[in-house]
Amino acid sequence: MNWLQTLTEWYNRFTPFLDIAILAFLIYKVYDLLLKTQAGQLIRGAIFLALIYGFAYLLKLSTLQWLLNILAPGLFVIIAIVFQPELRKIFVRLGQGEFFRLDNKPRLGQLEAVVTAAEILSQQRRGALVVFPRKMNLRDFIETGTKLNADLSSSLIVTIFAFDGPLHDGALFMHGGRIAAAGCLLPLSEQQDIRKSFGTRHRAALGMSEQSDAVILVVSEESGAISLAYESKLYYDLSPLEVQRKLKELLDKNVRGSRREEAEKISEISPVLGDDS
């Protein structure tokens, strides 16, 4: 029985560390999801209300406490309504297994092939949309197009986005360094303040970045500009070298740079952009 008692003692010592580790992991992942859905204002609002309530409790402001207690249930309903799109994105990402899904990053040579194709399409004024999934499962979006499961090559990408081709207007999905599907449909952006000059491709790229953690490469048919969309933001008119560098950073699971620092390296949306179908 001594071994059983020893095992029980070790178990009792180990479980608090396991409990704390799991809780810390869950808190980090929830915080990471909130950042990706740009729900930081929700966190700030909750902290602000908690500070007000704590202030009222410490100073024994009974009238303010009474008012907050009455408003609290209604505030939860208001938050659920106002932040419905953000909350929906969070639960969608949870349901799609973003917590535990491994990255499927392409190799550097494959990224070069994509950037080369984008440069050719840019010179020829052909529009293009290329989606690079990260942790989220985007199978539902892939199934809206034509499955290819083809080896990656710049010539194939250029052919897919040729004028009047059946897959020209849709998006191309990468997966594990291969072309998973083409002609896929993407959701349009939910942002209300998006520039009217942006066409369907840029709105779709931005919409996809709002509903997933994917990185989307866009080539403008109107101007030939090459852009990247990720984390609900669009970075417009980048050079091929900038595109390749950012793709490598964003898709490499070993890179843990700050998103804010990344955003500062590239100027955001250009103030002038012609319509793009």
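Relevant structure appears above.
One structure accompanies this document, and this report is about it. Here the structure is a predicted model, which is why all the values come from computation and not from measurement.

**Details of a nonpolar patch on the surface**
(1) Moving on: A cluster of nonpolar side chains, namely Tyr53, Phe55, Tyr57, Leu58, Leu59 and Leu61, defines an oily patch on the protein surface of about 650 Å² accessible area.
(2) Moving on: Looking at the secondary structure, you find Phe55 in helix α2 (residues 40–58).
(3) Moving on: Given the relative accessible area of 48%, Phe55 is considered partly exposed.

**Details of the pattern of salt bridges**
(1) Moving on: Counted under the stated rule, the structure contains seven salt bridges.
(2) Moving on: Linking Glu221 and Arg201 is a salt bridge whose minimum nitrogen-to-oxygen distance equals 3.4 Å. In this pair, Glu221 sits in the loop between β5 (215–219) and β6 (226–230) while Arg201 sits in helix α8 (residues 200–211), placing the two residues 20 residues apart along the sequence.
(3) Moving on: Here Arg245 makes a salt bridge to Glu249, at a shortest N to O gap of 3.1 Å. Remark: Glu249 and Arg245 occur in helix α9 (residues 240–251); sequence separation between them is four residues, near one turn of the helix.
(4) Moving on: For Arg245, a relative accessible area of 32% translates into the label partly exposed.
(5) Moving on: Overlapping salt bridges, with partners in common, bring together Asp169, Arg201 and Glu221 in one network.

**Examining the nonpolar core**
(1) Moving on: Membership of the largest hydrophobic core comes to 33 residues, with the highest contact counts inside it found for Phe132, Ile157, Leu217 and Leu247.
(2) Moving on: Broken down by secondary-structure element, the contributors of at least two residues to this core are α5 (108–123), β1 (128–132), α7 (154–160), β3 (171–175), β4 (178–184), β5, β6 and α9.
(3) Moving on: A total of seven residues in this core trace back to one element, the largest contributor, which is α5.
(4) Moving on: Ignoring sequence-local partners within four residues, the contact set of Ile157 consists of Val114, Ala117, Leu121, Leu152, Leu172 and Ile179.
(5) Moving on: Counting residues in hydrophobic clusters, the runner-up holds 23 residues, among them Leu129, Phe173, Leu186 and Val218.

**With respect to the sheet that holds strand β2 (residues 146–151)**
(1) Moving on: In spatial order, the strands read β2-β4-β3-β1-β5-β6-β7; together these seven strands make up an open sheet with mixed pairing. Among the strands making up the open sheet, the edge pair consists of β2 and β7 (233–235). Geometrically, the sheet is characterised by an average inter-axis angle of 25° between neighbouring strands, direction not taken into account.
(2) Moving on: Here β5 runs beside β6; their pairing, made up of four bridges, is antiparallel. The residue bridging Ile216 from the neighbouring strand is Ala229, located in β6.
(3) Moving on: Strand contacts of α8: β1, β3, β5, β6 and β7, with the helix running at about 175° to β5, the strand carrying the most contacts.
(4) Moving on: Packed onto the sheet, α9 meets β1, β5 and β6 and runs at close to 20° relative to β6.

Cut-offs applied
Residues numbered from 1 in each chain as written. Predicted model: local features only at pLDDT ≥ 70, side-chain atom pairs only at ≥ 80, totals over all residues. Heavy atoms only, no water. Patch = residues over 30% accessible without salt bridge, like charges linked within 9 Å, V, L, I, M, F, W, Y side chains within 5 Å. Areas by Shrake-Rupley, 256 points an atom, 1.4 Å probe, with all protein chains shown as cover. Salt bridge = Lys/Arg side-chain N within 4 Å of Asp/Glu carboxyl O. Helix = DSSP H or I, 4+ residues; strand = E, 2+ residues; numbered from the N terminus. Buried < 20%, exposed > 50% of the residue type's maximum accessible area, 1.4 Å probe, protein only. Core = buried A, V, L, I, M, F, W, Y, C linked by side-chain atoms within 4.5 Å. Contact = heavy atoms within 4.5 Å. Pairing = 2+ DSSP bridges. Axes fitted to C-alpha atoms, helices over the stretch in contact; angles between N-to-C directions.

Note that every value here comes from positions in space, so none of it alone points to a role or purpose.
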